[in-house]
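Inside the fold
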Amino acid sequence: MSRPELVVAQLRERELDALLVTDLVNVRWLTGFTGSSAAVVVAADGKHRFITDFRYLTQSAEEVDAAFAREITQNLLEQAAKGLPSDGALRLGFDDHKLPVRDHGRLEGFVRDGVGLVAAGGLVEDLRARKDAGELDKIRRAAKLADDALEDVLARGVVGRTEREVALDLEFTMRKLGAEGASFEPIVAAGAHGALPHAKPRDVPIPPGTLLVVDWGATLEGYASDCTRTFATGELDPRDAEIYELVLTAQEAALQAVEPGPTGKEVDAVARQIIDAAGHGEHFGHGLGHGVGLEVHEGPRLSKQGETALTSGMVVTVEPGVYVPGGVGVRIEDLVYVSEDGHEVLSTLPKALRTVG
Ligand code: ZN
Ligand code: ZN
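The paragraphs below set out a description of the structure included in this document. (Residues numbered from 1 in each chain as written. Chains lettered and ligands numbered in written order. Predicted model: local features only at pLDDT ≥ 70, side-chain atom pairs only at ≥ 80, totals over all residues. Heavy atoms only, no water.)

**What to know about the coordination of the zinc ion (ligand 1)**
Surrounding the zinc ion (ligand 1) are the protein donor atoms D215 (OD), D215 (OD), D226 (OD) and E333 (OE), at 2.0 to 2.7 Å. Coordination at the zinc ion (ligand 1) is irregular: its four donor atoms span angles of 53 to 148° at the metal. Written as a sequence motif, the donor residues of the zinc ion (ligand 1) are D-x10-D-x106-E. (Donors = N, O, S within 2.8 Å, 3.2 Å for Na, K, Ca; no water. Tetrahedral: all angles 85-135°; square planar, octahedral: opposite > 155°, others 65-115°.)

Now the structure itself:
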């Protein structure tokens, strides 16, 4: 089924006549349009519409899937409402998760009597969670490019350079290798700074003899990758090496649980039980992972709140961590494709503790 057809199947299930799509990532997934102003109406009767403004006349002609009739206007929401069938009762789904309250109010003003607005946030996102072969290929290449870039950076040496220098080098190298950019600002965090899960790179030289967390990803043809490795920068305190081995054990156990069937919560619990049993439960303060695609953080969630069952086609991360306040932090993250009968790891770098200079 094409992407609009997948949406139509959902509309039928929810007894909706049409869906107004306003989130630009969802618009891109549905139509191929990469510009910054657009709305889409997917109709159960197959008369799909794409609406943009004058600036995107040419770009939309080149990018937008032929399944959508194009309309050019200055007021997207008004145009979306005006183009709806002019009589009969009609149920129009809209994105209650992301449409600003102000726009919702305007939309209510634009639609005629008989059109009911129905909350349908998450409908497209749920479909986006399952990747097709083309999407998987882009994510796989983004992951490989990011891994190659890190190897380049490590070959230039990291000890003695600042965290910020290494992070910038990594971003630059990914661009040089063909990425559109970093999929998020890389984390390069040594020693106690690595104990902050979202550490910002500092103007502080990376010292020898500690752990170094690097969390990075590339964007390629719109698709993101996401990976974390933790390195030793010389001989380690045995307690730090022990934490590394604990996180690696938890990561590999959770990885083995990735297949169609279990919920995100169940896979999260596999890693959490191992870390809990070692007495570090309170030091694993985030979810196990998340979906990756057009956005670096998307559904499904692999966490205590993850109720969605894994299905084939999903691309998720598996990234347990242990962060000892004032001590060190370790996180190991792989990007994983959920296949028909198990999983395939898209990250290519080895995970045995590696010492870098
Ligand atoms: Zn990451
Ligand atoms: Zn991640």
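**Points about the packing of aromatic side chains**
For the structure shown, the criterion picks out two aromatic pairs. Between F33 and F50 the ring centres are 4.9 Å apart and the planes differ by 65°, which places this aromatic pair in the edge-to-face class. Of the two residues, F33 sits in the loop between α2 (24–31) and β2 (38–43) while F50 sits in strand β3 (residues 48–52), which places them 17 residues apart along the sequence. As far as the burial class goes, F33 and F50 line up, both buried. Measuring from centroid to centroid gives 5.2 Å for F33 and Y56, while their planes differ by 90°, and the two rings are edge-to-face. In this pair, F33 is assigned in the loop between α2 and β2 and Y56 in the loop between β3 and α3 (57–63), connecting sequence segments 23 residues apart. Residue class for Y56 comes out buried when judged on its relative accessible area of 12%. Joined through ring pairs, the aromatic side chains of F33, F50 and Y56 make up one cluster. (Phe/Tyr/Trp six-rings, centres within 6.5 Å; stacked < 30°, edge-to-face > 60°. Helix = DSSP H or I, 4+ residues; strand = E, 2+ residues; numbered from the N terminus. Buried < 20%, exposed > 50% of the residue type's maximum accessible area, 1.4 Å probe, protein only.)

**Description of the layout of surface pockets**
The calculated volume of the largest pocket comes to roughly 420 Å³. Along its surface, the largest pocket is lined by 20 residues, and E125, D126, L127, R128 and A129 are the ones closest to its centre. Those elements that place two or more of their residues in the lining of the largest pocket are α1 (3–13), α6 (123–128) and β14 (298–302). No other element matches α6, which puts four residues into the lining of the largest pocket. Residue composition of the lining of the largest pocket, by class: seven nonpolar, four polar and nine charged. Of the pockets and cavities examined, the second largest pocket occupies roughly 300 Å³. Along the lines of polarity and charge, the residues of the lining of the second largest pocket split into three nonpolar, six polar and four charged. (1 Å grid on protein atoms, 1.4 Å probe; cavity = no way out; pocket = protein on both sides within 12 Å on 5 of 7 lines; lining within 4 Å. Points joined across faces, edges and corners; volume = space filled by probe spheres on them. Nonpolar A, V, L, I, M, F, W, Y, C, P; charged D, E, K, R; others polar.)

**A word on the pattern of salt bridges**
All told, the structure shown has 29 salt bridges when counted by the stated rule. Notably, a salt bridge pairs E135 with R3, separated by 3.6 Å at the nearest N-O pair. Pair noted here: E135 is in helix α7 (residues 133–155) and R3 is in helix α1, with a separation of 132 residues, a long-range link. Judged by its relative accessible area of 4%, E135 falls in the buried class. Classification of R3 by relative accessible area gives partly exposed; the value is 22%. Across the pair R272 and D268 runs a salt bridge, and its minimum N-O distance is 2.7 Å. Within this pair, R272 and its partner D268 are both found in helix α10 (residues 264–277), separated by four residues, close to a single helical turn. (Salt bridge = Lys/Arg side-chain N within 4 Å of Asp/Glu carboxyl O.)

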